[in-house]
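# What the coordinates show
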Amino acid sequence: RRKAHNLSQDAHSSKSPSVPKGWTAEFTNCDAEETMLHYSTGLTATLELAEINGSCYIFSSDKDYYMWNTASEQGWRIINVKSREELYSKMAAKGRLEGLKLEALPDFGSDLEE
């Protein structure tokens, strides 16, 4: 079993931005959450952030960042972020998600309903 991700340190910077308010980077069941994200989106997910008392997850896959809402079962690619530092600083600068530019993901599940 994998332990919870420790995202407080970054190899490129001695002063990384802190986790955005209202989100957590500590996960108790990371494998199950990443599996859920994979089955929901078709992407191999590495969990980055989870909304505290909410239904949104932010994850990376390859070199891109994505957001998935488990309540609405909708997902988006974050098109203006290429690193964890950029993600955290954009979320902190404008508050919550306003600093992120999103592109809707195709409906992955629709192909499975036949």
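For clarity, every value in this text was computed on a predicted model and none was experimentally measured.

## Comments concerning the sheet that holds strand S2 (residues 46-51)
Strands in a sheet are paired, the pairing made by backbone hydrogen bonds, and the direction either parallel or antiparallel. Strand order in the open sheet formed by six strands is S1-S2-S3-S4-S5-S6, and the pairing between neighbours is antiparallel. Looking at which strands have only one partner, the edges of the open sheet turn out to be strand S1 (23-24) and strand S6 (102-104).

## Details of the packing of aromatic side chains
Per the counting criterion, the structure on display carries one aromatic pair. A centroid spacing of 5.4 Å and a plane angle of 20 degrees characterise the contact between Phe59 and Tyr66, whose relative ring orientation is stacked. Given the relative accessible area of 8%, Tyr66 is considered buried.

## Let's talk about the pattern of salt bridges
The final tally for this structure, using the stated rule, is four salt bridges. The salt bridge partner of Glu48 is Arg84, with a shortest N-O separation of 2.9 Å. Of this pair, Glu48 sits in strand S2 while Arg84 sits in helix H2 (residues 84-94), placing them 36 residues apart in sequence. What you see here is one network of salt bridges that share partners, running through Asp64, Arg77, Lys82 and Glu103.

## Some words on the nonpolar core
Residues Trp23, Leu49, Ile58, Ile78, Leu87, Met91 and Leu100 are the most contacted members of the largest nonpolar core, which totals 15 residues. Contributions of two or more residues to this core are made by strand S3 (56-61), strand S4 (64-69), strand S5 (74-78) and H2. Here the element with the most residues in this core is H2; it accounts for three residues. In this view, Leu87 contacts Leu49, Ile58, Tyr65, Ile78, Val81 and Leu100; residues no more than four positions away in its chain are not counted. One finds Phe27, Cys30, Ala50 and Tyr57 within the second-largest nonpolar core, a separate group that totals ten residues.

## Let's talk about unusual backbone geometry
The phi dihedral of Asn53 falls on the positive side, at around 55 degrees, and the residue is not glycine. The topology assignment puts Asn53 in the loop between S2 and S3. Positive phi, close to 55 degrees, is recorded for Asp62, a residue that is not glycine. Checked against the element boundaries, Asp62 lands in the loop between S3 and S4. With a relative accessible area of 80%, Asp62 lands in the exposed category.

## Notes on the side chain of Asn80
Counting through the fold element by element, Asn80 comes out in the loop between S5 and H2. Looking at Asn80, its side chain comes within polar contact range of the main-chain oxygen of Gly99, at 2.9 Å. Among the polar contacts listed, one links the side chain of Asn80 to the backbone nitrogen of Lys101, at a separation of 2.9 Å. Ignoring sequence-local partners within four residues, the contact set of Asn80 consists of Glu86, Lys90, Gly99, Leu100 and Lys101.

Calculation rules
Residues numbered from 1 in each chain as written. Predicted model: local features only at pLDDT ≥ 70, side-chain atom pairs only at ≥ 80, totals over all residues. Heavy atoms only, no water. Pairing = 2+ DSSP bridges. Helix = DSSP H or I, 4+ residues; strand = E, 2+ residues; numbered from the N terminus. Phe/Tyr/Trp six-rings, centres within 6.5 Å; stacked < 30°, edge-to-face > 60°. Buried < 20%, exposed > 50% of the residue type's maximum accessible area, 1.4 Å probe, protein only. Salt bridge = Lys/Arg side-chain N within 4 Å of Asp/Glu carboxyl O. Core = buried A, V, L, I, M, F, W, Y, C linked by side-chain atoms within 4.5 Å. Contact = heavy atoms within 4.5 Å. Polar contact = N/O pair within 3.5 Å; in protein donor to acceptor, adjacent residues only side chain to side chain.

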